Amino acid sequence: EQPLSGEYRVFHKNRSILTISIYTRPIFEEGRSVGMQGIIQNITPPPSRFAPPREGLHELIGRSPKMQEIYELIMSVAKTDSTVLIHGESGTGKELIAQAIHAYSHRKNKPFIVVNCAAYSENLLESELFGHERGAFTGAHRRKLGRFELAKGGTIFLDEIGEIPPHSQVLL
C-alpha cells in the first residue's frame, strides 16, 4: 500500500483555524498489514509580525505608509503621560491627531478641551487659560474657571500656540 499524506485546514477547540500536515503509512509484519503509523504536524504559519494596514484611526482616514506611521505614533504616544507638540500647517489635522491621542489614552473618559490661542488677546488668554477670581480686575464680577481647571485630568489642546507672546508662554 502507498503512504497517504496531505495538508488540511481544521478547527481547533479554541475556534482558531490550523493547517496540519498528515503523513500515514501502513506497518507490515511478515508481509501482511498489522497497523498504521501516522505523523500529524501543525504547520500553521505564525501570525504576521505586521498588522494589516489600518483604514483609519479615530476620525483620521488613510492607508498610505505615512498614515500607518502616524497611527503607530499616536498609539505609542497615547500610552505615555507627557506633553506632546503637534506641528503642521493650518488645516492639516493637528486637532484630529490630538483627539485621537486623547481617545486612546487613559484620559479618554475625561474632558478634551480646545483653546485657539490666536483668538484671544494676551490679557484675555491668561484669564481664559488660568481663570480668575471675582474682583481680580474691572469687570470680573464672578469667579471663572480656566481651561486647565476645566480639563480636570483630561487633555487640553492649545491650537496656534506659536501665536502666544514668549513671555506668556513661560506661564504655561
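Residues numbered from 1 in each chain as written. Predicted model: local features only at pLDDT ≥ 70, side-chain atom pairs only at ≥ 80, totals over all residues. Heavy atoms only, no water.

## A short note on the overall build of the chain
Now for step 1: Each helix and strand counted, the chain has five helices and nine strands in total.
Now for step 2: Taking 2.2 N^0.38 as the reference for a compact globule, 172 residues should give roughly 16 Å; the C-alpha atoms of the chain span a radius of gyration of 31 Å, well beyond that estimate.
Now for step 3: Taken over the C-alpha atoms alone, the chain extends approximately 110 × 30 × 25 Å along its principal axes.
Now for step 4: Scored against the burial criterion, the 172 residues of the chain give a buried share of 23%.
Now for step 5: For the chain, long-range pairs separated by at least 24 residues make up 38% of all intrachain contacts whose partners lie at least 6 apart in sequence.
Now for step 6: Split by element, the accessible area of the chain, about 13,100 Å² in all, is 54% carbon and sulfur.
Now for step 7: Taking the average location of the 20 positive side-chain charges in the chain and that of its 19 negative ones, the two points are 7 Å from each other. (Helix = DSSP H or I, 4+ residues; strand = E, 2+ residues; numbered from the N terminus. Rg over C-alpha atoms; globule rule 2.2 N^0.38 Å. Buried < 20%, exposed > 50% of the residue type's maximum accessible area, 1.4 Å probe, protein only. Contact = heavy atoms within 4.5 Å. Areas by Shrake-Rupley, 256 points an atom, 1.4 Å probe, with all protein chains shown as cover. Lys, Arg positive; Asp, Glu negative; His and termini not counted. Charge placed at Lys NZ, Arg CZ, Asp CG, Glu CD.)

## A few points about the packing of helix H1 (residues 65–78) against helix H2 (residues 94–103)
Now for step 1: Two elements in contact, H1 and H2, have axes separated by 8 Å at closest approach and are oriented at 50°. Here H2 runs oblique to H1, going by the angle between their axes. In this structure, H1 crosses over H2, and the sense of that crossing is right-handed. Residue-level inspection shows Ile70, Ile74, Val77 and Ala78 of H1 in contact with H2, the latter providing Ile97, Ala100 and Ile101.
Now for step 2: Tallied by class, the residues present in the contact of H1 with H2 amount to seven nonpolar, no polar and no charged. (Axes fitted to C-alpha atoms, helices over the stretch in contact; angles between N-to-C directions. Parallel < 35°, antiparallel > 145°, perpendicular 65-115°, else oblique. Left-handed = near helix turned anticlockwise from the far one by under 90°. Nonpolar A, V, L, I, M, F, W, Y, C, P; charged D, E, K, R; others polar.)

## Structural notes on the nonpolar core
Now for step 1: Judged by nonpolar contacts, Leu57, Leu60, Met67, Tyr71, Ile74, Ala78, Ile97, Ala100 and Ile101 together constitute the single largest core of nine residues.
Now for step 2: Mapped by element, the contributors of at least two residues to this core are H1 and H2.
Now for step 3: For this core, the leading source of residues is H1, giving four residues.
Now for step 4: Beyond its immediate sequence surroundings of up to four residues, Ile101 is in contact with Ile74, Val77, Ala78, Val84 and Ile86.
Now for step 5: If you look at the next biggest cluster of nonpolar residues, it comprises eight residues, including Cys117, Leu129, Leu158 and Ile164. (Core = buried A, V, L, I, M, F, W, Y, C linked by side-chain atoms within 4.5 Å.)

## Thoughts on the packing of aromatic side chains
Now for step 1: Following the criterion strictly, the structure yields one aromatic pair and no others.
Now for step 2: For the pair Phe130 and Phe148, a centre-to-centre distance of 5.5 Å together with 15° between the ring planes defines the contact as stacked. Placement of Phe130 in helix H3 (residues 122–130) and of Phe148 in helix H4 (residues 147–151) is noted, with a sequence separation of 18 residues between them.
Now for step 3: The exposure class of Phe130 is partly exposed, given its relative accessible area of 34%. (Phe/Tyr/Trp six-rings, centres within 6.5 Å; stacked < 30°, edge-to-face > 60°.)

## A word on the pattern of salt bridges
Now for step 1: All chains considered together, the criterion is met by seven salt bridges.
Now for step 2: Among the ionic pairs, Glu69 bridges to Lys66, the shortest N-O distance being 3.7 Å. Residue Glu69 and its partner Lys66 are located together in helix H1, separated by three residues, close to a single helical turn.
Now for step 3: With a relative accessible area of 57%, Lys66 lands in the exposed category.
Now for step 4: With its nearest N and O atoms 2.8 Å apart, the salt bridge here joins Glu128 to Arg147. Remark: Arg147 occurs in helix H4 and Glu128 occurs in helix H3; sequence separation between them is 19 residues.
Now for step 5: Among the ionic contacts, a cluster of salt bridges with common partners joins Glu128, Lys144 and Arg147. (Salt bridge = Lys/Arg side-chain N within 4 Å of Asp/Glu carboxyl O.)

## So, the confidence of the model for the chain
Now for step 1: With 94% of its residues at a pLDDT of at least 70, the chain reaches an overall mean of 85.
Now for step 2: Averaged pLDDT values over the elements of the chain bottom out at 78 in helix H5 (residues 166–169) and peak at 94 in H2. (pLDDT = per-residue confidence, 0-100.)

## Concerning the side chain of Glu128
Now for step 1: For Glu128, a relative accessible area of 11% corresponds to the buried category.
Now for step 2: In this structure the side chain of Glu128 is engaged in a polar contact, spanning 2.8 Å, whose partner is the side chain of Lys144. (Polar contact = N/O pair within 3.5 Å; in protein donor to acceptor, adjacent residues only side chain to side chain.)

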